[in-house]
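The primary structure of each chain is shown beneath.
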Amino acid sequence: MVKIIFLDVDGTLVDYDNRIPESAVKAIRLARDKGHKVYVCTGRSRAEMQPEIWDIGIDGMIGGNGSYVEDNGEVVMHQLISKDDAKHIVDWLHSRGLEFYLESNNGLFASENFKEAARPVLREYSLRKGKTEEEVKDQEAEDALHGLIYGGELYRDDLNKVSFILSDYQDHLDSIEEFPNLEAHTWGGRGETALFGDLGVKDINKARAIAVLLKHLGAEQKDTIALGDAKIDIPMLDYCQIGVSMGNGGPEILKMADMVTDDVAEDGLYNAFEKLGLFD
């Protein structure tokens, strides 16, 4: 029976050095050789997808945490933040002195002082993901975020979501109140340890996007498998017939997953595919 497999990217397909383990490449290619379909399902926008991911040979992607769906080069769905909302977000962030980047399939458009403000924050993010002080001491924002563009137009009509550096957790709480028509989340840590807030299209999540793709494919929910490592992946693990947490997953996803595999850097994806019989 052909399975449709959905892979989170960061911490699932890609390790904390932004590298794809060779075993993961092998697993995807072996599974596809057996007729299974493989899609990435990520918070990244298309511009953040390094070429190496496409080079593996995948069937498409869900991006922006569910705002964008692509199947073999065909755009199935793309829900964007309105230009009015985008302007409101930019003006609000400027008024609070918060640096940010706008996430679009055309690039990541950074605010005026993002490079300097993001440097220590993204180094902290990398440390939390397992890098050493020596590894991050010269890291720049563009080393951590693929596709950053400085000096671009900030009032845009092509945005999937917006990420901004939190001065404290109250910024996130205030964003919920300021933008009730948008979806507000945090990333970079749990609860008040979060480093970034983000804003996206309301009622968008990875599970909903998977349902849209399945309808497009004429496929059934019972033939789906999802792999992820973070709290935002929980809806897709819950929706799919089999939900797999990486060993490096957070406590919430580890608790709810149907199966737990090894860490991303310890052949976790390959080992999960093998246990699930995707090479048979």
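Residues numbered from 1 in each chain as written. Predicted model: local features only at pLDDT ≥ 70, side-chain atom pairs only at ≥ 80, totals over all residues. Heavy atoms only, no water.

Participant: Run through the domain arrangement of the protein chain, naming residues and quoting values.
Facilitator: As far as domains go, the protein chain holds domain 1 (4-79 + 204-276) and domain 2 (85-200). Spacing between the C-alpha centres of domain 1 and domain 2 amounts to 23 Å. Every contact between the two is made by 20 residues of domain 1 and, on the other side, 16 residues of domain 2. Taken together, both faces of the contact between domain 1 and domain 2 bury some 1,500 Å²; the carbon and sulfur share is 48%. On the domain 1 side of the contact with domain 2, Tyr16, Ala47 and Glu48 bury the most area, a combined 35% of that side's loss. (Domains from an automatic or database assignment. Contact = heavy atoms within 4.5 Å. Buried area = accessible area lost by both parts, 1.4 Å probe.)

Participant: So what's going on with the state of the cysteines? Residues and values would help.
Facilitator: Chemically, a disulfide is nothing more than a covalent bond linking the sulfur atoms of two cysteines. Applying the stated criterion to the full structure yields zero disulfides. We note that cysteine 41 lacks a disulfide partner, and the nearest cysteine sulfur, in cysteine 240, lies 7.8 Å from it. A relative accessible area of 4% means that cysteine 240 is categorised as buried. (Disulfide = S-S within 2.5 Å. Buried < 20%, exposed > 50% of the residue type's maximum accessible area, 1.4 Å probe, protein only.)

Participant: Could you give me a rundown of the sheet that holds strand S6 (residues 100-104), with the residues and numbers involved?
Facilitator: Taken in spatial order, the six strands line up as S8-S7-S6-S9-S11-S10 in an open sheet, and their pairing is mixed. The two strands at the open ends of the sheet, each matched to only one other strand, are strand S8 (148-150) and strand S10 (182-187). The sheet shows a mean angle of 25 degrees between the axes of neighbouring strands, direction not considered. As defined by bridge partners, strand S7 (residues 107-110) adjoins S8 across three bridges and the pair is classed as parallel. Paired with leucine 108 across the bridge in S8 is leucine 148. Along the sheet, helix H4 (residues 114-128) contacts S6, S7, S8, strand S9 (159-165), S10 and strand S11 (196-201); its crossing angle with S9, the most-contacted strand, is approximately 80 degrees. (Pairing = 2+ DSSP bridges. Helix = DSSP H or I, 4+ residues; strand = E, 2+ residues; numbered from the N terminus. Axes fitted to C-alpha atoms, helices over the stretch in contact; angles between N-to-C directions.)

Participant: Let's hear about the sheet that holds strand S14 (residues 259-260): which residues, and what values?
Facilitator: With mixed pairing, the eight strands of this open sheet are ordered in space as S5-S4-S3-S2-S1-S12-S13-S14. The sheet is open, and its two edges are formed by strand S5 (74-78) and S14, each paired on a single side. With four bridges joining them, strand S4 (residues 68-71) and S5 adopt antiparallel strand pairing. Across the sheet, residue valine 69 finds its bridge partner in S5, namely methionine 77. Contacts between helix H8 (residues 206-217) and the sheet are confined to strand S1 (4-7), strand S2 (37-41), strand S3 (60-63), S4, S5 and strand S12 (224-228), with S5 contributing the most and set at about 140 degrees to the helix.

Participant: So what's going on with unusual backbone geometry? Residues and values would help.
Facilitator: A positive phi is found at asparagine 65, a non-glycine position, where the angle reads about 60 degrees. Positionally, asparagine 65 belongs in the loop between S3 and S4.

Participant: Explain the nonpolar core to me, using residue names and the numbers behind them.
Facilitator: In this structure, Ile5, Leu13, Ile28, Ile53, Leu227 and Phe273 are the most contacted members of the largest nonpolar core, which totals 31 residues. Taken together, the elements giving at least two residues each to this core come down to S1, helix H1 (22-33), S2, helix H2 (51-56), S12 and helix H11 (268-275). Broken down by element, this core gets its largest block of residues, five residues, from H1. Excluding anything up to four places from it in sequence, isoleucine 53 contacts Val9, Leu13, Val14, Ile20, Val40, Arg44 and Ile58. (Core = buried A, V, L, I, M, F, W, Y, C linked by side-chain atoms within 4.5 Å.)

Participant: Before we move on, can you summarise the packing of helix H3 (residues 83-96) against helix H7 (residues 169-178) with the specific residues and values?
Facilitator: Put simply, H3 and H7 touch, their axes get as near as 12 Å, and they point 145 degrees apart. Helix-helix and strand crossings are classified by hand; for H3 and H7 the assignment is right-handed. Of the residues in H7, those in contact with His88, Trp92 and Arg96 of H3 are Gln170, Asp171, Asp174, Ser175 and Glu178. (Left-handed = near helix turned anticlockwise from the far one by under 90°.)

Participant: With reference to specific residues and values, describe the pairing of strand S13 (residues 242-245).
Facilitator: Bridge count for S12 against S13 is four bridges, and the pairing is parallel. The partner of leucine 227 across the bridge, within S13, is valine 244. Sheet topology places S13 next to S14; two bridges connect them, and they run parallel. Residue pairing in the sheet places valine 244 in a bridge with methionine 259 of S14. Each parallel crossover has a hand, and the one from S13 via helix H10 (residues 251-256) to S14 is right-handed. (Right-handed = clockwise from strand over helix to strand, strands pointing away.)

Participant: Mind laying out the pattern of salt bridges, listing which residues take part and the relevant values?
Facilitator: It is possible for side chains of opposite charge to pair when their charged atoms get near one another. Tallying each qualifying case throughout the model produces 17 salt bridges. One salt bridge in this structure joins lysine 206 and aspartate 8, with 3.2 Å as the shortest N-O distance. On the criterion of sequence distance, the pair formed by lysine 206 in helix H8 and aspartate 8 in the loop between S1 and H1 is long-range, its members being 198 residues apart. Residue classification places aspartate 8 among the buried residues on the basis of a relative accessible area of 6%. A salt bridge links aspartate 174 to arginine 96, with the nearest nitrogen and oxygen atoms 2.8 Å apart. Of the two residues, aspartate 174 sits in helix H7 while arginine 96 sits in helix H3, which places them 78 residues apart along the sequence. Residue classification places arginine 96 among the partly exposed residues on the basis of a relative accessible area of 32%. Among the ionic contacts, a cluster of salt bridges with common partners joins Lys3, Lys222 and Asp223. (Salt bridge = Lys/Arg side-chain N within 4 Å of Asp/Glu carboxyl O.)

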